[in-house]
Amino acid sequence: MAAIMRPGEAPMQTARESVSFWPWVLQRISGLFLVVLMGIHIGINHFGNLGKASDTRDLIIFNDVAFRLQQGFWWAVDVALLTFVVYHGLNGIRNIALDLGVRGTGTKVTTGLLWLLGIATWGFGIAALIAFRKYA
Amino acid sequence: MRVTFRILRYDPERDANPHFESYPLELDDRAVVLDGLVQIKDFADSALTFRRSCRQAICGSCAMRVNDREHLTCSTQLSEVVRDGTVVVEPLANLPVIKDLAVDMEQFWRKYRAIMPFLIPDRAKPAPEKEYRMANKEARHLQQFGGCIQCGACYSSCPIAATDEEYLGPAALAKAYRFAGDPRDSARRERLKIVSDERGIWRCHTVFNCTEVCPKGVEPTYAIQQLKKLTIRRRFGLPV
Amino acid sequence: MTAQPQVSRASVERTHYRPRAIWTGTLAYILHRITGVFLVLYLFMHIIVIGQSVRGEQAFNDALHFVQSPVFVLLDAGLSGIVTFHALNGLRIIAFDIGWGIRLQKALFWASLLVAVAVFAVSLVVARKLLG
C-alpha cells in the first residue's frame with residue numbers, strides 16, 4: 001500500500017528521515033539545555049558581582065572567570081553552553097533558510113557552510129576558554 | 001447594507017498581472033459574502049469566476065480570502081467581515097490562480113493522495129460481521145479531523161506552505177492523523193513514515209494559522225503535534 | 001482542461017504578513033524568528049569580545065570595557081528582554097511538542113511576552129542604577 005498516484009505523477013520529494021528528524025529533536029534538546037545553562041551563565045558571569053559592583057566595569061573580572069574555569073564543573077558548563085548555543089543558533093538559521101525557499105543543492109551548500117561556520121566558531125570559543133585557564 | 005466589494009481579478013488571457021476592481025453593492029443586512037459575488041456575476045460582470053456549490057458550508061468549494069483571512073464565503077455574513085464599508089475578496093493563497101477567485105487545487109490534492117486518505121483494516125483479522133467498532137472516547141477524539149471538507153482554507157493560511165510547494169500542509173497532515181490515530185487502522189507505522197519528513201510534520205512551526213481559520217473547527221496544529229509525538233515514539237522504539 | 005495557470009503565488013506570497021493576517025500564533029512565530037536571528041548575531045559578537053582572552057588579560061579587559069560603556073549597557077537591558085522572550089516562547093513550543101498547552105497557545109504567548117517586557121523593564125532600572 002502506498003500513496004495514490006495519477007499516471008505519470010512524480011512522487012512527493014522526500015529526504016532521508018534522519019536528516020529531518022534529528023535536527024528537529026536536537027533543536028529541542030539544545031533549547032532546553034540552553035534555558036538552564038544560559039540562566040546559570042548570565043546569573044553567575046554577568047550578574048554574580050551585581051551586589052558589590054559600583055561600576056559596570058566591576059561586573060566581570062578576568063581572574064574571577066579564570067578561577068571558575070579551573071574547576072571542572074564550570075569548565076563543563078561553559079563548554080556545553082558553547083556547543084549547544086552554536087548548534088541551536090546555526091540550525092535555527094538553517095530552518096529560516098529552508099523557509100525562505102532554499103532547495104536541493106542550495107540546502108546542502110547552506111548546511112555545509114553553516115557547519116564550517118559552526119566548527120570555526122566552536123573552535124575559537126574553546127580557544128578563548130583555554131586561554132582563561134592558561135593566563136590564570 | 002451598502003458595501004463595496006474589492007475583488008482581485010485575473011484573466012490569464014488578458015491580464016499580465018492580477019488587479020483589484022471595485023463593485024459598490026446594495027445587499028440585505030443578513031447577506032453572506034457569496035451573495036455579493038453572485039450579485040456581481042448576475043448584474044455587473046458575468047465573467048467573474050469563482051467556485052461555489054452547496055451554500056451550506058459542507059462542499060468546501062467557496063473558500064476565499066476575505067479581508068486577509070480565509071473564510072467559506074457561503075457561511076460568512078458580511079456584517080462579520082465588512083470594514084469601513086469594504087470587503088476585499090481574493091483567491092486562496094499558496095495555490096496558482098486559474099482565473100479570478102478560482103485556484104488550481106492540484107498540488108493540494110496531490111498531497112492529500114500522498115498520505116493514503118483511507119482506512120486500511122488489518123487483513124489478517126477476520127472482517128467483523130457488521131462494522132469496525134471503536135470506543136466512544138476514541139471516536140470523539142478523532143471526530144473533528146474527520147470533519148474536514150477540504151476547502152483549502154488552512155493550506156492558504158499557512159506561511160510554510162507559502163514558500164514550499166512540497167510541504168504537505170495542514171489539511172493533508174490533519175487527515176493523516178485522522179487515520180494514523182484510528183485504532184481500526186493497521187498502517188499507522190507506514191503513515192508515520194510518510195509524514196516524518198522535512199516536507200512533512202518536522203516543517204510545521206506551530207504558527208496555528210490553520211487552526212485559526214478552519215471553518216469546521218478542525219485543529220490541524222493539534223493533529224500535527226500528535227503525529228510528531230507518535231513519530232518520536234516510533235523512532236525511539238516505543239510502542240505506537 | 002483549463003488553460004495552464006500562469007500566475008502562481010506571485011500575487012499572494014506577501015499575504016501572510018499583512019497586518020490583518022497576523023494572528024497571535026503568527027506574531028509568536030515572527031517574533032521568535034526575529035529574536036533568534038538577533039541572538040545569533042549577538043552570539044558572534046559576544047564570542048569575539050570574550051575571545052580577546054586569547055590575546056591576554058589586557059586585551060580582554062580593553063574589549064570588555066568597550067562593551068561596558070553606557071550605550072552597550074542600555075542595549076544589554078534590551079538583550080535580556082529578547083533572551084527571556086526567546087527562552088519562554090521556546091519552552092512554549094517544546095510544551096506543544098510534548099502535548100501540553102496546545103489549546104492555550106495564545107495565553108502562553110502573551111504570558112511569555114509579558115514576562116519578557118517585565119524583565120526588560122527591571123534590567124533597564126538596574127542598568128540605569130549601575131550607570132549612576
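Residues numbered from 1 in each chain as written. Chains lettered and ligands numbered in written order. Predicted model: local features only at pLDDT ≥ 70, side-chain atom pairs only at ≥ 80, totals over all residues. Heavy atoms only, no water.

Across its full length, chain C holds four helices and zero strands. Listed by position from the N terminus, the elements making up chain C come as α-α-α-α. Counting only residues that meet the buried cut, chain C has 44% of its 132 residues in that class. Pairs at least 24 apart in sequence give 67% of the contacts found in chain C among residues at least 6 apart. Carbon and sulfur atoms make up 72% of the accessible area of chain C, which totals about 7000 Å². (Helix = DSSP H or I, 4+ residues; strand = E, 2+ residues; numbered from the N terminus. Buried < 20%, exposed > 50% of the residue type's maximum accessible area, 1.4 Å probe, protein only. Contact = heavy atoms within 4.5 Å. Areas by Shrake-Rupley, 256 points an atom, 1.4 Å probe, with all protein chains shown as cover.)

Residue and element names in this part refer to chain B. Closest axis-to-axis distance for the helix H8 (residues 188–195)/helix H10 (residues 220–235) pair is 10 Å, and the angle between their directions is 110 degrees. With respect to H10, the axis of H8 lies roughly perpendicular. Counting all contacts with H8, which are made through Arg188, Arg189, Leu192, Lys193 and Val195, the residues of H10 involved are Leu227, Leu230, Thr231 and Arg234. Residues belonging to the contact of H8 with H10 are distributed by class as follows: four nonpolar, one polar and four charged. (Axes fitted to C-alpha atoms, helices over the stretch in contact; angles between N-to-C directions. Parallel < 35°, antiparallel > 145°, perpendicular 65-115°, else oblique. Nonpolar A, V, L, I, M, F, W, Y, C, P; charged D, E, K, R; others polar.)

With the rule as written, the count across this model stands at 27 salt bridges over all chains. Across the salt bridge formed by Arg2 of chain B and Glu26 of chain B, the nearest N and O atoms sit 3.8 Å from each other. With a gap of 24 residues between them, Arg2 of chain B in strand S1 (residues 2–9) and Glu26 of chain B in strand S2 (residues 19–26) connect regions that are remote in the sequence. The exposure class assigned to Glu26 of chain B is partly exposed, which follows from its relative accessible area of 47%. Two residues, Arg20 of chain C and Asp68 of chain B, come together in a salt bridge whose shortest N-O distance is 3.4 Å. Residue Arg20 of chain C is located in the segment before helix H1 (24–50), and its partner Asp68 of chain B is located in the loop between strand S3 (63–66) and strand S4 (69–72); the two belong to separate chains. A relative accessible area of 34% means that Arg20 of chain C is categorised as partly exposed. Residue classification places Asp68 of chain B among the buried positions, given a relative accessible area of 7%. (Salt bridge = Lys/Arg side-chain N within 4 Å of Asp/Glu carboxyl O.)

In this complex, chain C contributes 32 residues to the contact, which on the side of chain A involves 36 residues. Between chain C and chain A, roughly 2700 Å² of surface is buried when both sides are summed, and carbon and sulfur atoms account for 75% of that area. Sorting the residues of chain C by area buried against chain A places Arg33, Ile47 and Leu130 of chain C first, and these three jointly supply 20% of that buried surface. Taken together, chain C and chain A are joined by two salt bridges. Its salt-bridge partner being Arg33 of chain C, residue Asp99 of chain A comes within 2.7 Å of it at the nearest N-O pair. Our count for the contact surface shared by chain C and chain A stands at three residue pairs in polar contact (both at pLDDT 80 or more). Of all elements in the fold, only H1, helix H2 (57–66), helix H3 (70–98) and helix H4 (105–131) of chain C reach the threshold of two or more residues within the side of chain C that touches chain A. In terms of residues, the side of chain C that touches chain A owes the most to one element, H1 of chain C, which gives ten residues. Looking at the side of chain C that touches chain A residue by residue, the class counts come to 20 nonpolar, eight polar and four charged. (Buried area = accessible area lost by both parts, 1.4 Å probe. Polar contact = N/O pair within 3.5 Å; in protein donor to acceptor, adjacent residues only side chain to side chain.)

A separate point is the interface of chain B and chain C. Counting residues at the interface gives 43 residues for chain B and 30 residues for chain C. Both sides together, the interface formed by chain B and chain C hides about 3200 Å², and carbon and sulfur atoms give 55% of it. Sorting the residues of chain B by area buried against chain C places Asp68, Phe208 and Glu212 of chain B first, and these three jointly supply 18% of that buried surface. For the interface between chain B and chain C, the tally reads six salt bridges. The tally of links from chain B across to chain C stands at twelve residue pairs in polar contact (both at pLDDT 80 or more). Contributing elements (two or more residues each) for the side of chain B that touches chain C: S4, strand S5 (86–90), strand S6 (97–99), helix H5 (153–157), helix H6 (159–163), helix H9 (209–213) and H10 of chain B. Here the side of chain B that touches chain C is composed, by residue class, of 19 nonpolar, eleven polar and 13 charged.

On to the packing of aromatic side chains, then. Evaluation of the coordinates by the stated rule reveals 19 aromatic pairs over all chains. Measuring from ring centre to ring centre gives 4.5 Å for Trp24 of chain A and Trp202 of chain B, while their planes differ by 50 degrees; the resulting arrangement is tilted. Of this pair, Trp24 of chain A sits in helix H1 (residues 17–46) while Trp202 of chain B sits in the loop between H8 and H9, which puts the two residues in different chains. Accessibility classification places Trp24 of chain A together with Trp202 of chain B in one group, the buried group. Among the aromatic side chains, those forming a connected cluster through ring pairs are Phe21, Trp22 and Trp24 of chain A together with Trp202 and Phe236 of chain B. Positioned over the ring face of Tyr222 of chain B is Arg103 of chain C, at 4.2 Å from the centre of the ring. (Phe/Tyr/Trp six-rings, centres within 6.5 Å; stacked < 30°, edge-to-face > 60°. Lys NZ or Arg CZ within 6 Å of the ring centre and 35° of its normal.)

Residue and element names in this part refer to chain C. Averaged over every residue, the pLDDT of chain C is 88; residues scoring 70 or more account for 89%. The least confident element of chain C is H2, whose mean pLDDT is 90; the most confident is H1, at 96. Counted against residues more than four places away or in other chains, residues 1–12, with its pLDDT under 50, gives 25 contacts. Interface confidence for the predicted complex, expressed as ipTM, amounts to 0.91; the pTM equals 0.92. (pLDDT = per-residue confidence, 0-100.)

In a disulfide, the sulfur atoms of two cysteines are covalently bonded to one another. All names here are of chain B. Tallied over the entire structure, the rule returns zero disulfides over all chains. In this structure Cys59 is a free cysteine whose sulfur lies 3.7 Å from that of Cys54, the closest cysteine sulfur available. Overall, Cys59 belongs to the partly exposed group, its relative accessible area being 30%. Here Cys210 is not disulfide-linked; the sulfur of Cys154 is the nearest cysteine sulfur, at 6.3 Å. Relative accessible area serves as the criterion here: at 9%, Cys210 is assigned to the buried category. (Disulfide = S-S within 2.5 Å.)

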